[in-house]
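Single-letter residue listing:
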Amino acid sequence: MFTFLLIFTAVLGIFPSQGFYQVPLYKIHKEPREVNDLRRELKEFKSSFWKYKLLKKTGRETLRNAFNDITNRYNRENSTTYRKDGRPLVIVYGTGQIQGQMSLDVLKIGDIEVKNQKFGEAIRETSFPFDTSITDGILGLAFPSMAENEAVPPFQNMLKQGLLEEPIFSFYLNRNMDDELGGEIVFGGMDTTLFDENSLHPIPLSRKGYWEFLMKNITTTANGGRSWCNNGCSAIADTGTSLIVGPENDITNIWKTINAEVKDDLGFVPCNKLESLPPITFNINGRAYTLEAKDYIIKMVEDKKPTCFVGFSTLPESLQRQSFWILGDVFLGKYYTVFNVKN
């Protein structure tokens, strides 16, 4: 039996409420436990693993053994419900990649117990970005067509096993960095104490893989009015992506429109100029979703000095030929979002 910590924060508790399960997301994570020793597993698996796929070993992308990390580890030897699958696993993300193998076990999230959950054991991973991550793993919430090795995602298994009342899950991401509570995910319902239920507006999916839909365009009133995605484009809602990501030409033009200085593939603006920055509107399914500067500018401290960068970034090089957008946490942080699997 094992418990996941979500990709962007640690899950410290879960509380049953009104037939669904609320998971608070905290910015403060637990002290790491003693690292489980995976040396024997790596030795046994290495020969068959490298026959499956070799990854380049250069610079910060040098693969390192997972037992050198400090985060919590799954150890199948400590589980009485572990079942072997054994198929090799290789996943390449926008940043970083992992290698491992498929296994089955009971996934426990608070009072929810998902039986026979197929999952990937990440036995090796790139140093970046995982060496700076405080999370223990990734809980995939896309549709089954995106899963590796025909694995049924946890949420679909929750529904199949009758663990939830409604086929929905919902996210609240708290943008107030001074609050201890970073947000909340609800499996099987929504938390109407955080928003007006009448303000929810459905957005039909264009494809059930990612949470993908059609976006009419993106507009701003700056410089007499500018727009991007003018002929319509596909967009993805993704809590696992921190920024808003789009085609290089469009993102570059957005940076220019708000007079951002580009350094290291990010746009920076003076922190004392935020009030002069224009709103940016995403037109989706007949409705306008507008981000003010306070929504799309991210404030950080570097060398004890405030730094402000624009929450827009270009697609990874491997995806540059595609014209879709990823609406990550910069966008989702303003809007309570409900994901409906059935409709």
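Remember, it's a predicted structure, so these values are computed and weren't measured experimentally.

All chains considered together, the criterion is met by seven salt bridges. In this structure, Lys108 and Glu113 form a salt bridge, with 3.6 Å as the shortest nitrogen-oxygen distance. Judged by its relative accessible area of 25%, Lys108 is partly exposed. Because the salt bridges share partners, they merge into one network encompassing Asp85, Arg87 and Lys118.

Strand order in the open sheet formed by six strands is S10-S11-S14-S23-S15-S22, and the pairing between neighbours is mixed. The sheet is open, and its two borders are formed by strand S10 (207-208) and strand S22 (312-314), each paired with just one other strand. Direction of pairing for strand S15 (residues 244-246) relative to S22: parallel, over a ladder of three bridges. Opposite Ile244, over in S22, you have Phe312 as the bridge partner. Against the sheet, helix H4 (residues 248-257) makes contact with S15, S22 and strand S23 (325-327), and its axis sits at roughly 145° relative to S22, the strand it touches most.

So, about unusual backbone geometry. Although it is not a glycine, Asn116 adopts a positive phi angle of roughly 55°. Non-glycine residue Asn285 carries a positive phi angle of around 50°. Looking at the element boundaries, Asn285 is found in the loop between strand S18 (280-284) and strand S19 (287-291).

According to the stated counting rule, one finds two disulfides in the structure shown. The connectivity of the disulfides in the chain is 1-2, 3-4, where the numbers refer to bonded cysteines in sequence order.

Moving on, we get to the pairing of strand S8 (residues 168-173). Among the six residues in S8, five count as buried, and that is most of the element. Looking at chain direction, S8 and strand S9 (residues 181-187) are connected through five bridges and run antiparallel. The partner of Phe171 across the bridge, within S9, is Ile185.

Moving on, we get to the layout of surface pockets. Considered as a void within the structure, the second largest pocket measures approximately 740 Å³ in volume. Surrounding the second largest pocket, 25 residues form its lining, His201, Pro202, Ile203, Thr337 and Val338 being those nearest its centre. Among the secondary structure elements, those contributing two or more residues to the lining of the second largest pocket are strand S11 (211-215), helix H6 (329-332) and strand S24 (337-340). At four residues, S24 tops the list of elements feeding residues into the lining of the second largest pocket. For the lining of the second largest pocket, the residue count by class is 20 nonpolar, five polar and no charged.

Calculation notes
Residues numbered from 1 in each chain as written. Predicted model: local features only at pLDDT ≥ 70, side-chain atom pairs only at ≥ 80, totals over all residues. Heavy atoms only, no water. Salt bridge = Lys/Arg side-chain N within 4 Å of Asp/Glu carboxyl O. Buried < 20%, exposed > 50% of the residue type's maximum accessible area, 1.4 Å probe, protein only. Pairing = 2+ DSSP bridges. Helix = DSSP H or I, 4+ residues; strand = E, 2+ residues; numbered from the N terminus. Contact = heavy atoms within 4.5 Å. Axes fitted to C-alpha atoms, helices over the stretch in contact; angles between N-to-C directions. Disulfide = S-S within 2.5 Å. 1 Å grid on protein atoms, 1.4 Å probe; cavity = no way out; pocket = protein on both sides within 12 Å on 5 of 7 lines; lining within 4 Å. Points joined across faces, edges and corners; volume = space filled by probe spheres on them. Nonpolar A, V, L, I, M, F, W, Y, C, P; charged D, E, K, R; others polar.

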